[in-house]
Amino acid sequence: MHIHDLITDSASLANLCTRLAQQPFITVDTEFMRENTFYPELCLIQIADTNEAAAIDPMAPGLDMTPLLDLLVNNEDVLKVFHAGGQDLEIVYNLTGKTPHPLFDTQVAAMALGQGEQIGYSNLVETYLGITVDKGARFTDWSRRPLDKRQIDYAIADVTHLSEIFPKMLARLKKTGRGAWLDEEMERIADPENYRNDPEQAWQRIRISSRKAEVLGRLKALAAWREKEAQQKNLPRGRIVKDETIADLAGNPPRKQADLTRVRGLSASWGGNDIGGRLMAALEAATPMSSDELPSRDDRKLPLGKEGALVADLLKLLLKIRARDINVAARLLARSDDLEALAAGQREGLSILNGWRFEQFGRDALALVEGQLGFTVRNGKLKMTRTEEPTP
């Protein structure tokens, strides 16, 4: 495989992308910093096919990234392969408003092949290639220039290894017939809505015990205000105000700005400065949350009771057995909240009652809940057994 020198000029990048656009798949990775910013700071992009690989410096003066971004988000003929690519996709979305598509995530695929819930990249490389990854440069400050050869080699290895692993993984998926299982997961990962920062929805990330419309209205207003402040200043949300302080202010709103001096988690200067004034303005403009936006009580958990909780535990046991029997990560088959919802009587909107998940697990889960399936021990091994035939 030909490894290019670090690409820092537009002509070299455009030529590379022209060649890569003719390939059936490319592997992609990024290096970024986000400890001190709201938006991740893109510092390096690595990309490869089976013939060549390169690291691209997005911080290089005058570099036109358009050919690369077009390849990632507008070329439907080239499959983009990532490993645990959520943060990489977020970066591309921030740059383009789109996500790479079509895509393949090797961490998710490993779940379908029974290789663990969230296999790390190093373990994936060792499993498929028998290579121990050099981790010496993983704590690099990727924003500092110049990058030395060891740093660049470390970064490029991520995509060169992945370009060898992907065909092997694809062959295994074809043998098992599980490739179709991943289509839904890959589309879910690629959904741009996963990466959109909507200030009006920011309140949903903050834990608060109250379900009063007035409190939640203030929470929504404060969370939206903080999101906008963080975006404008490009600072982490917690550097503006921490979640627990937002929740406290929503539940116990100050009457005047001077009262902010007594709020735990805020600087005393907020009692008279501009940012404190903007916080108070957000509070004063808050209105009770509308009934259609109010979160429902946790319907999946409240009706369970002791008996329902036992049913949920049985479903989790069934999940472990089924995942073991078909050698797939349990997390790919079902999540705990779906099992609890099923135990509570919910039948609509559950992924385990649709598609391949229903065939592989949901049908038996439903039978267990409805008393048509039980457990038995045979030769020291826990098995599922039918107690009665399902109703047609």
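Analysis parameters
Residues numbered from 1 in each chain as written. Predicted model: local features only at pLDDT ≥ 70, side-chain atom pairs only at ≥ 80, totals over all residues. Heavy atoms only, no water. UniProt positions renumbered as here; feature names shortened; annotations may be inferred. Salt bridge = Lys/Arg side-chain N within 4 Å of Asp/Glu carboxyl O. Helix = DSSP H or I, 4+ residues; strand = E, 2+ residues; numbered from the N terminus. Buried < 20%, exposed > 50% of the residue type's maximum accessible area, 1.4 Å probe, protein only. Pairing = 2+ DSSP bridges. Contact = heavy atoms within 4.5 Å. Axes fitted to C-alpha atoms, helices over the stretch in contact; angles between N-to-C directions.

- As named in an unreviewed UniProt entry, the protein chain is Ribonuclease D, taken from Sphingomonas plantiphila.
- Database annotation for the protein chain, UniProt heading Cofactor (unreviewed entry): "a divalent metal cation".
- Regarding the protein chain, the UniProt comment filed under Catalytic activity (unreviewed entry) reads as follows: "Exonucleolytic cleavage that removes extra residues from the 3'-terminus of tRNA to produce 5'-mononucleotides."

1. A word on the pattern of salt bridges
Here comes step 1: Scanning all chains against the criterion turns up 21 salt bridges.
Here comes step 2: For Arg145, the salt bridge identified is with Asp57, shortest N-O distance 2.8 Å. Highlighted residues: Arg145 in the loop between helix H5 (121-129) and helix H6 (149-176) and Asp57 in the loop between strand E4 (52-56) and helix H2 (66-73), separated in sequence by 88 residues.
Here comes step 3: In this structure, the salt-bridge partner of Arg278 is Glu229, at a minimum N-O distance of 2.5 Å. Placement of Arg278 in helix H11 (residues 274-285) and of Glu229 in helix H8 (residues 213-233) is noted, with a sequence separation of 49 residues between them.
Here comes step 4: When its relative accessible area of 4% is taken as the criterion, Glu229 is described as buried.

2. Remarks on the sheet that holds E4
Here comes step 1: The strand order across the open sheet built from six strands is E1-E4-E3-E2-E5-E6, with neighbouring strands paired in mixed fashion. Across the chains shown, the open sheet's two edge strands, defined by having one partner strand only, are strand E1 (2-3) and strand E6 (103-105).
Here comes step 2: In the packing of helix H1 (residues 10-20) onto the sheet, the strands contacted are strand E2 (25-33), strand E3 (41-48) and E4, and the crossing angle to E4 comes to about 140°.
Here comes step 3: Packing of H6 onto the sheet brings it into contact with E1, E2, E3, E4, strand E5 (79-82) and E6, and relative to E2 it is tilted by some 140°.

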